Every structure is written in structure tokens, then in C-alpha cells.
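Chain residues, written in single-letter form:
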Amino acid sequence: MYRKSAIFGAILSLSATVSYSDPVPEEFFSFNDPIQAEIEAGKRIKNLPLFPILGSAAAPVKIDYFYSASCEPCKKASNSIFRALSDDVPIQVSFHPIPANQEDYDAAIAETILYTTGQLAFGMFHFANMDQSGDDTIDAKTLFRDVSILADVRESASIRMDNYRDWTTNISVSSMIAENIGVVSLPTIVMGDRKYEGFLDHESFLKEVQQMIDRDD
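Each value, and the rule that gives it
- Residues numbered from 1 in each chain as written.
- Predicted model: local features only at pLDDT ≥ 70, side-chain atom pairs only at ≥ 80, totals over all residues.
- Heavy atoms only, no water.
- Buried < 20%, exposed > 50% of the residue type's maximum accessible area, 1.4 Å probe, protein only.
- Helix = DSSP H or I, 4+ residues; strand = E, 2+ residues; numbered from the N terminus.
- Arc of directions from axis to C-beta.
- Contact = heavy atoms within 4.5 Å.
- Polar contact = N/O pair within 3.5 Å; in protein donor to acceptor, adjacent residues only side chain to side chain.
- Salt bridge = Lys/Arg side-chain N within 4 Å of Asp/Glu carboxyl O.
- Expected span 1.5 Å × (residues − 1).
- Phe/Tyr/Trp six-rings, centres within 6.5 Å; stacked < 30°, edge-to-face > 60°.
- Pairing = 2+ DSSP bridges.
- Axes fitted to C-alpha atoms, helices over the stretch in contact; angles between N-to-C directions.
- Parallel < 35°, antiparallel > 145°, perpendicular 65-115°, else oblique.
- Left-handed = near helix turned anticlockwise from the far one by under 90°.
- Nonpolar A, V, L, I, M, F, W, Y, C, P; charged D, E, K, R; others polar.
- Core = buried A, V, L, I, M, F, W, Y, C linked by side-chain atoms within 4.5 Å.
- 1 Å grid on protein atoms, 1.4 Å probe; cavity = no way out; pocket = protein on both sides within 12 Å on 5 of 7 lines; lining within 4 Å.
- Points joined across faces, edges and corners; volume = space filled by probe spheres on them.

Bringing helix α6 (residues 140–150) into the picture now. Given 3.6 residues per turn, any residue in an α-helix points the same way as the ones three and four places further on. Along α6, the positions that sit buried rather than exposed are A140, L143, F144, V147 and S148. End-on, the buried residues of α6 take up no more than an arc of 130 degrees, which puts them together on one face. Facing away from the buried side of α6, by more than 90 degrees, are the exposed residues K141 and L150. Against α4 (102–117), α5 (119–130) and α7 (154–162) lie the buried residues of α6. One side-chain oxygen at the N-terminal end of α6 lies 3.1 Å from the backbone nitrogen of K141; it belongs to D139. The positive-phi residue at the C-terminal boundary of α6 is D152, with phi of around 60 degrees.

Below, the structure written as C-alpha cells:
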């Protein structure tokens, strides 16, 4: 078991973006209709569902984070979340990827599989992937391989990736949750009964977290 400070401190770096939010892809909510139909029919599906979660279960602020790997404002939000976790801000975050294209879909599957091997591998992949910009980027499959080697989980991660369809259910469930709560732009951060669309800056994020803590005291 890794200590939280080691996980987040090791993978933290700074990035910047000037955008505030991106629209959710129009086709997303029908992206996984076959799996979604099975869920609604009540059929048993392997590994249902598995959302990566970081932070202490005892944290007073629970966050559901909806994002896309190709969403520029989401990069800023992910950076802020990891900074907060590194600084021991009392939050627990559930990660809900919203794939806008095939590369995003590959990244979402990679994140889920790496999370099954440990928080470190998931954190390394998510932050490295979200920190990329410009033309000099690494595709999700290559990054998955590199992270699994660095985190020393290559064998177990590769076996799971060979059966990647077993790990797609969380994407469909995330889409259902997003649709039900009216997510229309990314990133969307849900704290308790509050929903925040778009992302401004780290200080504003911390302020909202503190207000949530103070309200519940």
C-alpha cells in the first residue's frame, strides 16, 4: 500500500491552460449503447462498475470528477486536483472519464486497468496523460505500456488489457450518471449537492472545497 503523500508528490507537476470548459460530445451518451442496454436489463456484467478513487475515505468532501483526456480545461482541473491531494486537502475524488474520441476511450480503459493494479499506476498515467499538450504527445497505448513498466505492474496490466472489454462498464455507467445529472460541459465537478461546470483556477477550487467543509461543520 502506498502512502498518499508519496503517490501524489511523485507525480505532481505544473501546467496551464486558458480555456474554461469544453462541450460534452453530442454522440457520447450513445457511445456504449450495447453495454448500457445490458445494465438497464439488470444483467450481470464483469467488474461493474470500477471508478478510480483517490483520497481518504474519511475525507469530508466527496467529489465526482467528469473529464475528457482531450479537453484542455480538464488538464487544468486534473492538475488542481492532484495538487490538492498532494497538499492533504481533505477530499476524496471519483474519476469519471467522458471519451470524446477513440484515443480518449483507450485512455479511459487504460486508467481503469491501471487502477486495478494500484493507485500509483493510475495516478502516474492520469496525470502524465492530462499534462500532455501540443504535437509532441504519447498515445494512450504507449503511455499505458510505459507506466505499467515504471510502476512494476506490466504483467498483470497486460493480462487485463488483453481482456479490455471486461473493463469498459465503468465508462457506460459514467455516461449514465453524467446524463442523469445534466452534464453538458467538461470538466464538471460535483461536490455534495453542488455542480460546477468548467474550471477557473486552483485557488477558486480550494475556496469551494473549504466552503463545503465549513457548511457541513
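On we go from here.
What follows covers the pattern of salt bridges. Throughout the structure, instances matching the rule amount to 4 salt bridges. The salt bridge involving R145 is made with D146; its shortest N-O contact spans 2.9 Å. Note on R145: relative accessible area 41%, which makes it partly exposed. Between K195 and E197 there is a salt bridge; the shortest N-O distance is 3.7 Å. A residue is classified by how much of its surface remains accessible, and K195, at 37% relative accessible area, is partly exposed.

Compared with an ideal rise of 1.5 Å per residue, which puts 16 residues at 22 Å, α4 spans 23 Å between its outermost C-alpha atoms and is within 8% of the ideal. Among the residues of α4, D104, Y105, D106, A107, A108, I109, A110, E111, T112, I113, L114 and Y115 are the ones counted as buried. By the N-cap criterion, in which a side-chain oxygen at the helix start approaches the backbone nitrogen of a residue two or three places on, α4 is capped by N101, the distance to E103 being 3.2 Å.

This model, assessed by the stated rule, comprises 8 aromatic pairs. Ring centres of F82 and F127 lie 5.2 Å apart, and the angle between their planes is 55 degrees; this geometry places the pair in the tilted category. Residue F82 is found in helix α3 (residues 72–86), and its partner F127 is found in helix α5; the two are separated by 45 residues along the sequence. Like F82, the residue F127 is buried in the burial classification. With a centroid separation of 5.0 Å and 70 degrees between ring planes, the pair formed by F95 and F122 is classed as edge-to-face. In this pair, F95 sits in strand β4 (residues 91–97) while F122 sits in helix α5, placing the two residues 27 residues apart along the sequence. Exposure class is identical for F95 and F122. Each is buried. A connected cluster of aromatic rings, assembled from ring pairs, spans Y65, Y67, F82, F95, Y115, F122 and F127.

Right, let's get into the sheet that holds strand β2 (residues 53–54). Judged by pairing direction, the sheet is mixed, and its 5 strands sit side by side in the order β2-β4-β3-β6-β7 without closing on themselves. Each having just a single partner strand, β2 and β7 (194–197) make up the two edges of the open sheet.

Following both chains from N to C, one finds α5 and α6 inclined at 140 degrees, their axes separated by 9 Å at the closest point. As summarised for this structure, α5 and α6 are arranged oblique, according to the angle between their axes. Regarding α5 and α6, the two cross each other, and that crossing is right-handed. On the side of α5, the interface is formed by A121, M124, F125, A128 and N129, while α6 contributes A140, L143, F144, V147 and L150. Of the residues in the contact of α5 with α6, the class split is 9 nonpolar, 1 polar and no charged.

So, on to the nonpolar core. Counting 54 residues, the largest nonpolar core has I63, Y65, I91, F95, F125 and F205 as its most contacted members. With 8 residues, the single largest contributor to this core is α4.

All right, on to empty space enclosed by the protein then. Applying the stated criterion across every chain, the model contains 1 cavity of 30 Å³ or more. Here the largest cavity defines a volume of roughly 60 Å³. Among the elements of the structure, α4 and α5 are those that each provide at least two residues to the lining of the largest cavity. Sorting elements by how many residues they give to the lining of the largest cavity places α4 first, with 4 residues. Classifying every residue of the lining of the largest cavity gives 8 nonpolar, 2 polar and 2 charged.

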